[in-house]
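What follows is each chain in one-letter form.
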Amino acid sequence: MTESRTEDILTIGVDIGGTKVAAGVVTAEGQVLARLRTETPERSKSPAVVEETIVGVVRELMREFTVAAVGVGAAGFVDEQRANVLFAPHLSWRREPLRDALTDRLDLPVVVENDANAAAWAEVRAGVGQGVDNVVVVNLGTGIGGAVVLGGRLHRGRYGLAGEFGHMTVVPGGHRCECGNRGCWEQYASGNAVTREARELVRAESPVARMLHQAVGGDARQITGPLVSELASKGDRACVEILEDVGAWLGTGLANLAAAFDPELFIIGGGVSEAGELLLGPARTAFERNLTGRGYRPTARVVAAALGNEAGLIGAADLARETLPHQEH
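Just so it is clear, the structure is predicted and the values come from calculations on it, not from any experiment.

1. Some remarks on the side chain of N139
Here is step 1: As for its placement among the helices and strands, N139 is situated in strand β9 (residues 135–140).
Here is step 2: Taking relative accessible area as the criterion, N139 reaches 15% and is therefore assigned buried.

2. Here's the deal with the pattern of salt bridges
Here is step 1: Within the structure shown, the criterion is met by 17 salt bridges.
Here is step 2: Residue E310 is joined to R35 by a salt bridge in which the shortest nitrogen-to-oxygen separation is 2.3 Å. With a gap of 275 residues between them, E310 in the loop between β13 (301–304) and α9 (311–320) and R35 in strand β3 (residues 32–39) connect regions that are remote in the sequence.
Here is step 3: Exposure remark for R35: the relative accessible area of 47% places this residue in the partly exposed category.
Here is step 4: As a salt-bridge pair, E197 and R196 come within 3.3 Å of each other at their nearest N and O atoms.
Here is step 5: Classification of E197 as partly exposed rests on a relative accessible area of 31%.
Here is step 6: R196 gets classed as buried once you look at its relative accessible area, which sits at 18%.
Here is step 7: Each of E51, E52 and R105 takes part in salt bridges that share partners, so that together they form one network.

3. Looking at the sheet that holds strand β8 (residues 110–114)
Here is step 1: Spatially, the five strands line up as an open sheet ordered β3-β2-β1-β4-β8, and their pairing is mixed. Lying at the two open borders of the sheet, with one neighbouring strand each, are β3 and β8. Sheet twist, expressed as the average angle between the axes of neighbouring strands with direction ignored, equals 15°.
Here is step 2: Two strands pair when backbone bridges link them, and strand β4 (residues 70–74) and β8 are joined in this way by five bridges, in the parallel orientation. Note on β8: the bridge partner recorded for A74 is N114.
Here is step 3: Strands in contact with α9 are β1 (11–16), β2 (20–26), β3, β4 and β8; relative to β1, the strand with the most contacts, it is inclined by about 135°.

4. Describing the packing of aromatic side chains
Here is step 1: Tallied over the full model, the rule gives four aromatic pairs.
Here is step 2: Seen in terms of ring centroids, F266 and F287 are 5.5 Å apart; in terms of plane orientation they differ by 75°. Their pairing is edge-to-face. One end of the pair, F266, is in strand β12 (residues 265–269); the other, F287, is in helix α8 (residues 277–290), and 21 residues separate them in sequence. In terms of burial, F266 and F287 fall into one category: buried.

5. A look at the nonpolar core
Here is step 1: Ranked by size, the top nonpolar core spans 42 residues in total, and within it V138, W185, L212, L250, L254, F266 and F287 carry the most contacts.
Here is step 2: Mapped onto this core, the elements with two or more residues apiece are β9, β10 (144–150), α4 (191–203), α6 (225–233), α7 (237–261), β12 and α8.
Here is step 3: Broken down by element, this core gets its largest block of residues, 10 residues, from α7.
Here is step 4: Those residues in contact with L250 that sit more than four places away from it in its chain are V138, L140, W185, A189, I268, L279 and A283.
Here is step 5: With 29 residues, the next largest nonpolar core counts I54, A74, A88 and L102 among its residues.

6. Some words on the packing of α6 against α7
Here is step 1: Where α6 contacts α7, the axes come no closer than 7 Å and their chain directions differ by 115°. Both α6 and α7 take part in a crossing whose hand is left-handed. Contacts between α6 and α7 involve V228, S229, L231 and A232 from the former and C239, V240, I242 and L243 from the latter.
Here is step 2: Residue composition of the contact of α6 with α7, by class: seven nonpolar, one polar and no charged.

7. Brief notes about the packing of α4 against α7
Here is step 1: Close contact between α4 and α7 brings their axes to 10 Å; oriented N to C, the two are set at 140°. By the angle between their directions, the pair α4 and α7 is classed as oblique. Seen from above, α4 lies across α7 with right-handed handedness. Contacts between α4 and α7 involve A193, V194, E197, A198 and L201 on the former and, on the latter, A238, I242, L243 and V246.

8. Quick word on the side chain of E113
Here is step 1: Looking at the element boundaries, E113 is found in strand β8.
Here is step 2: For E113, a relative accessible area of 3% puts it in the buried group.
Here is step 3: Among the polar contacts listed, one links the side chain of E113 to the side chain of N117, at a separation of 2.9 Å.

Reading the values: the criteria
- Residues numbered from 1 in each chain as written.
- Predicted model: local features only at pLDDT ≥ 70, side-chain atom pairs only at ≥ 80, totals over all residues.
- Heavy atoms only, no water.
- Helix = DSSP H or I, 4+ residues; strand = E, 2+ residues; numbered from the N terminus.
- Buried < 20%, exposed > 50% of the residue type's maximum accessible area, 1.4 Å probe, protein only.
- Salt bridge = Lys/Arg side-chain N within 4 Å of Asp/Glu carboxyl O.
- Pairing = 2+ DSSP bridges.
- Axes fitted to C-alpha atoms, helices over the stretch in contact; angles between N-to-C directions.
- Contact = heavy atoms within 4.5 Å.
- Phe/Tyr/Trp six-rings, centres within 6.5 Å; stacked < 30°, edge-to-face > 60°.
- Core = buried A, V, L, I, M, F, W, Y, C linked by side-chain atoms within 4.5 Å.
- Left-handed = near helix turned anticlockwise from the far one by under 90°.
- Nonpolar A, V, L, I, M, F, W, Y, C, P; charged D, E, K, R; others polar.
- Parallel < 35°, antiparallel > 145°, perpendicular 65-115°, else oblique.
- Polar contact = N/O pair within 3.5 Å; in protein donor to acceptor, adjacent residues only side chain to side chain.

Interpretation note: all reported values are geometric properties and have no functional meaning in isolation.
And the structure:
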């Protein structure tokens, strides 16, 4: 029997967020051959329930495909060994030994990585960041995830916690964040920020929010980020302004990150980025307005991510290849 070439070997990537678990079988080129998606169990349930969900989707995919390793992108702080989820603001994991638990149950090599790192790696390897060595990725979802690629390599930091931009304090004493602090950037430039502002307008029965009010029958709880983006694309002024405000917060944060990392490229991903130029236009304006040394330095490009919701699982699957012989990144 001939030995399989490394480029023919398949891996599974799993992306765990605050609301979903998505998994896929991925080739070395980043092509997703099969995918599964399910809801994340409620955070009130034990971590074992989330683990069971991961094992279930991986085993389901393994019924049809032979895979060599599994990569898990987790929405939380992952240690430098890429083994333990130290803290997950949107899940109930606290110092959770996820890698070992999954390795024991799946009998496969497992790598655990922060979900934003995984998505960033996917964009650099197979998306809009190909060929760029210095990249900062900002994922706008329920919160904000971030990642840094320096010199063509993921920069994880000494303890594996680099890139947690969403929890930079931008408004001291501001909105309470699920991480325990106040005024975190993700409270002003994320999906939560979009829905919070829209719901407040509807609850206040603001006359500028008539379309929003009509769309949800006056029930502010029914407002979602995609709804705000949809109405904004149709010209609803209130929704356009919400995205402009969130975009301005995004651009201001990017200017701070440019001062720290001086990247060539900012990639904006996550569900909120699907608002496109309604969000990115104001973000670029605020970025250029707040950039240190503006007018006398090169300005990094700010672009939308290319791989969409599958970036996290593609990146996790590719990072799992590090566990295989002769795999380098």
